[in-house]
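# Architecture and fold: a report
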Amino acid sequence: MAETLSKGKLFDPELVTELISKVKGKSSLANLSKQKPIKFNGQKEFIFSMDGEMDIVAENGKKTPGGIKLEPITIVPIKFEYGARVSDEFLYGSEEAKIDITKQFIDGFAKKVARALDIAAFHGLNPRTGEASTVVGDNNFDSKVTQTVVYAKGTPDDCIDKAIEMVEASDNDVTGIVINSDVRSDLSAMRNTNGERAYPEFKFGGKPSTLGAQSLEINKTVAWGSNTKDKAIMGDFENMFKWGYAKEIPFEVIPYGDPDNSGKDLKGYNQVYLRSEVYLGWGIFDASSFARVVTE
């Protein structure tokens, strides 16, 4: 019987769509921003801005230049990999069993991809090692976004307000906010002058999708990493941050060797190795369109 999944096989378009859909549901960045396919070799996006205002010109009056700026941002996809060992019964089971394992792998892989996108784009870290990634470099919010507000536990809403004001003072818009779970807890504990909860929607671990007029995401990835100071990040995620993936997502079933360098031969342990890779790219188009709330 032919194997349903063979070495080097690509996920079919249906599974890729399912994967990306799951990623959007679990990644704060993917949920708040626009996603588009990325060419495997990378592509340029252009920031087109008209800095001046409209001019009223009298009849026979003199026209003056308004000014225009066009800046390129290169988005290069980065390889993210995940693999796992399973019993070699996977190779000999029914096609239904193989498909079921594949679906479970997709679900788990999507969660890892979602976290990886947030961790790498927020902080520039390799999710597996927790170390700064030389591949990501400074293409991350911690490196590029220098507008910051120091967090105060007793007044988290004021801190968020100040950060929003900072973005708007740069003549930019805020379309979304991402906060850490402890900020959610602090908002839940706040009370007004009458002793009532100021934000009851956060009570009992509540995770509202809005805060005031802003789209809200609550995710531990915003504060992920031992050296990360972030408590919240807000800004124009809808227009000034874009992410995407190269369409071809390979899925391998490796029956031989030691592909994860664990020192255990697959054949010796009656195992096969499932591995998949995804190529993700992103770009922060204007750092002044974002602000971070951070610890001192």
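The following paragraphs examine the structure supplied in this document.

Here is what the cut-offs are and how they apply
- Residues numbered from 1 in each chain as written.
- Predicted model: local features only at pLDDT ≥ 70, side-chain atom pairs only at ≥ 80, totals over all residues.
- Heavy atoms only, no water.
- Pairing = 2+ DSSP bridges.
- Helix = DSSP H or I, 4+ residues; strand = E, 2+ residues; numbered from the N terminus.
- Contact = heavy atoms within 4.5 Å.
- Axes fitted to C-alpha atoms, helices over the stretch in contact; angles between N-to-C directions.
- Buried < 20%, exposed > 50% of the residue type's maximum accessible area, 1.4 Å probe, protein only.
- Patch = residues over 30% accessible without salt bridge, like charges linked within 9 Å, V, L, I, M, F, W, Y side chains within 5 Å.
- Areas by Shrake-Rupley, 256 points an atom, 1.4 Å probe, with all protein chains shown as cover.
- Salt bridge = Lys/Arg side-chain N within 4 Å of Asp/Glu carboxyl O.
- Lys, Arg positive; Asp, Glu negative; His and termini not counted.
- Charge placed at Lys NZ, Arg CZ, Asp CG, Glu CD.
- Phe/Tyr/Trp six-rings, centres within 6.5 Å; stacked < 30°, edge-to-face > 60°.
- Lys NZ or Arg CZ within 6 Å of the ring centre and 35° of its normal.
- Core = buried A, V, L, I, M, F, W, Y, C linked by side-chain atoms within 4.5 Å.

### Topic: the sheet that holds strand β7 (residues 210-211)
If you trace the six strands from one edge of the open sheet to the other, you get β5-β13-β9-β6-β8-β7, paired in mixed fashion. Looking at strand neighbours, the two that pair on one side only are β5 (148-150) and β7, the edges of this open sheet. As judged from the two bridges shared by β7 and strand β8 (residues 214-218), these two strands associate in the antiparallel manner. Counterpart to T210 in the pairing with β8 is S215. Helix α7 (residues 181-189) contacts β6 (176-179), β7, β8 and β9 (230-235) of the sheet and is inclined by roughly 95° relative to β6.

### A short note on unusual backbone geometry
For D171, which is not a glycine, the phi torsion comes out positive at approximately 65°. Locating D171 in the fold gives a position in the loop between α6 (156-169) and β6. Judged by relative accessible area, which is 71%, D171 ranks as exposed. If you check the backbone angles, N261 has positive phi at about 55° while not being a glycine. Tracing the backbone through its elements, the reader meets N261 in the loop between β11 (251-254) and β12 (271-284). The exposure class of N261 is exposed, given its relative accessible area of 68%.

### Overview of a positive patch on the surface
A contiguous patch of positive charge, built from K112, R115, K207 and K220, is present on the exposed surface. Along the chain, the position of K220 falls in the loop between β8 and β9.

### Digging into the pairing of strand β13 (residues 290-294)
Across the five residues of β13, five count as buried, placing the element largely inside the fold. In this structure, β5 lies alongside β13, joined through three bridges in parallel fashion. Bridged to V150 within β13 is V294.

### As for α7
Taken together, the buried positions of α7 are occupied by V183, R184, D186, L187 and S188. As for α7, its buried residues are in contact with α6, β6, β7, β8 and β9.

### Re the packing of aromatic side chains
Scanning all chains against the criterion turns up nine aromatic pairs. With 5.1 Å between their ring centres and 65° between their planes, F237 and F290 make a pair best called edge-to-face. You can see F237 sitting in helix α8 (residues 237-240) and its partner F290 sitting in strand β13, a full 53 residues away along the chain. Take F237 and F290: they sit in the same class, and that class is buried. Of note, K242 hangs over the ring of F285, and the distance from its end group to the ring centre comes to 5.7 Å.

### Side note on a negative patch on the surface
Taken together, E53, D158, D161, E165, E168, D171 and D173 make up a surface patch of like negative charges. The topology assignment puts E165 in helix α6. Taking the relative accessible area as the measure of exposure, E165 reaches 51% and is therefore exposed.

### What to know about the nonpolar core
The nonpolar side chains of a soluble globular protein tend to be buried, and buried together. With 44 residues, the main nonpolar core has F141, F241, W243 and W282 as its most contacted residues. Elements with a minimum of two residues in this core: α1 (13-26), α2 (28-32), β4 (78-87), α3 (89-92), α4 (95-123), β10 (241-245), β11 and β12. Take this core: its biggest share by element is 11 residues, from α4. Excluding its chain neighbours within four sequence positions, the residues that come into contact with F141 are L29, A121, F122, I233, F237, F241, I284, F290 and R292. Counting residues in each nonpolar core, the second largest holds 22 residues, with V149, I160, F202 and M234 among its members.

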